[in-house]
Amino acid sequence: MNSDAIIECVPNFSEGTDAATVSKIVAAMQVEGVSLLDWSLDTAHNRSVVTIAGPPAAVIAAAVKSVGKAAELIDLTRQKGVHPRIGAADVVPFIPVSGISMAECAVLARQAGLLIWRTYGVPVYFYGAAAARPDRVQLEEVRKGQFEGLREATRRDSSRCPDIGGPGLHETAGASAVGARNFLIAFNVHLHQPDISAARAIARDIRASNGGLHGVKAIGVVANGRAQVSMNITEFQITPMRHIHSTIQHLAQRHGVLIDDAELIGLIPEDAYEEGADWVKQITGFDPALKILERRLEHPLAWPSV
């Protein structure tokens, strides 16, 4: 492995309302050599997303620590998430940035998963390029049933048991999906009208799994009283953001609704950014210096003190 390799990790935690709890989880990730690039609380989805980057060994150590702290502080039996989730540290993806291949990131994900189980007793499912089974490549397949449904499924169906640990889930922290993947853009569009049926219809039409846009995963939800099309975009090189946005605009008009604004969760790579594009203009408070990965790497955030 290249000694100058840099990887990114974007763990998602099933807590978006308690800032103190999330601050403690982020603070636990402070490892020498690791840069904190972004972190945010999403109250509407009761979820938080953190972005770190650095040398592989240091990033793995930071990610594993975050899973342990999340398991300590988040009790899934006492809350529900609008966003699908199976664990306190729900998903822990590793992304190659420079000097490293996807295959090497997959090996790192396997190492991290083993450490998570051995250190904290949290079972792990592998997904994406690190998947141990073909039916677990897609994250949505791993998450089927969410924490509550998966907890019951593991008790009666051995095929739903974790790849490492188990056979059941952690009593309060569930399980973590650990994987390797390319850059993912988490992009949400709010409709002006509180019409959840329109949001669901638009999401259904643009989802790749329904024959929509390549590399687009989408669901329609209610977030803070507003209808939202919530998307994960995994192939922006093939399906540019401007095309996704214009398609949503067209579909919104067909359903008799208007787009209100948009939000970006986490960071985007420089290659996905289109200065002056309509989709960028609709993102509330968008600042390229803060939201573009390569620019953030040059000026990371300070770690929270708790």
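Fair warning: this is a prediction, and the values are worked out from it, not measured in the lab.

(A) Quick look at helix α7 (residues 241–254). Its 14 residues place the ends of α7 20 Å apart at the C-alpha level, agreeing with the 20 Å of an ideal helix rising 1.5 Å per residue. For α7, every residue scored as buried is listed here: M241, I244, H245, T247, I248, L251 and A252. An end-on view of α7 places all buried positions within 160° of arc, on one side of the element. For α7, the exposed residues lying more than 90 degrees away from the buried face are R242, Q253 and R254.

(B) Quick look at the pairing of strand β3 (residues 35–42). With seven bridges connecting them, β3 and strand β4 (residues 47–54) associate as antiparallel partners. What sits directly across from S40, in β4, is V49.

(C) How the structure looks around the sheet that holds strand β9 (residues 216–223). Strand order in the open sheet formed by four strands is β9-β10-β8-β11, with antiparallel pairing between adjacent strands. Every other strand in the sheet has two partners, leaving β9 and β11 (259–265) as the edge strands with one partner each. Neighbour-to-neighbour, the strand axes of the sheet open up by a mean angle of 20°, direction not taken into account. On top of the sheet, helix α6 (residues 196–206) reaches β8 (185–191), β9 and β10 (226–233); it is set at about 175° to β9, its chief contact.

(D) The pairing of β9, seen in detail. Relative to β10, β9 runs antiparallel, the two sharing eight bridges. Looking across to β10, one finds that I219 is bridged to S230. Counting the residues between successive antiparallel strands, the hairpin from β9 to β10 contains two residues, one of them, N224, with a positive phi of roughly 55°.

(E) View of the packing of aromatic side chains. All chains considered together, the criterion is met by two aromatic pairs. Taken together, a centroid distance of 6.0 Å and an interplanar angle of 90° make the contact between F187 and W279 edge-to-face. On the criterion of sequence distance, the pair formed by F187 in strand β8 and W279 in helix α8 (residues 278–281) is long-range, its members being 92 residues apart. With respect to burial, F187 and W279 carry one shared label: buried.

(F) Broad picture of the side chain of R136. By secondary structure assignment, the location of R136 is in the loop between β6 (124–128) and α4 (139–142). Only 2.8 Å separates the side chain of R136 from the side chain of D163, close enough to count as a polar contact. Residues within four places of R136 in sequence aside, it is in contact with Y125, F126, Y127, G128, A131, V142, S159, R160, C161, P162 and D163.

(G) View of the pattern of salt bridges. Taken as a whole and assessed by the stated rule, the structure comprises 16 salt bridges. D38 is the partner of K291 in a salt bridge, and the nearest nitrogen-oxygen pair spans 3.7 Å. One end of the pair, K291, is in helix α9 (residues 288–291); the other, D38, is in strand β3, with 253 residues separating them in the sequence. With respect to burial, K291 and D38 carry one shared label: buried. Salt-bridge contacts for R151 lead to E152; the nearest nitrogen and oxygen are separated by 3.9 Å. Classification of R151 as partly exposed rests on a relative accessible area of 23%. Overall, E152 belongs to the partly exposed group, its relative accessible area being 34%.

(H) Examining the side chain of H190 more closely. Looking at the element boundaries, H190 is found in strand β8. Classification of H190 as buried rests on a relative accessible area of 6%. Of the polar contacts made by the side chain of H190, one reaches the side chain of R226; its length is 3.1 Å. Polar side-chain contacts of H190 include one of 2.9 Å to the side chain of Q228. Discounting chain neighbours no more than four positions away, the residues touching H190 are R226, A227, Q228, L258, I259, D260, D261 and E263.

(I) Looking closely at the packing of helix α2 (residues 56–73) against helix α3 (residues 102–120). One can describe the packing of α2 onto α3 by two numbers: an axis separation of 10 Å at closest approach and a directional angle of 40°. Crossing angle aside, the handedness with which α2 passes α3 is right-handed. Of the residues in α3, those touching α2 at P56, I60, V64, K65, V67 and G68 are L108, Q111, A112, L115, I116 and Y120. Counted by class, the contact of α2 with α3 contains nine nonpolar, two polar and one charged residues.

About the cut-offs
Residues numbered from 1 in each chain as written. Predicted model: local features only at pLDDT ≥ 70, side-chain atom pairs only at ≥ 80, totals over all residues. Heavy atoms only, no water. Helix = DSSP H or I, 4+ residues; strand = E, 2+ residues; numbered from the N terminus. Expected span 1.5 Å × (residues − 1). Buried < 20%, exposed > 50% of the residue type's maximum accessible area, 1.4 Å probe, protein only. Arc of directions from axis to C-beta. Pairing = 2+ DSSP bridges. Axes fitted to C-alpha atoms, helices over the stretch in contact; angles between N-to-C directions. Contact = heavy atoms within 4.5 Å. Phe/Tyr/Trp six-rings, centres within 6.5 Å; stacked < 30°, edge-to-face > 60°. Polar contact = N/O pair within 3.5 Å; in protein donor to acceptor, adjacent residues only side chain to side chain. Salt bridge = Lys/Arg side-chain N within 4 Å of Asp/Glu carboxyl O. Left-handed = near helix turned anticlockwise from the far one by under 90°. Nonpolar A, V, L, I, M, F, W, Y, C, P; charged D, E, K, R; others polar.

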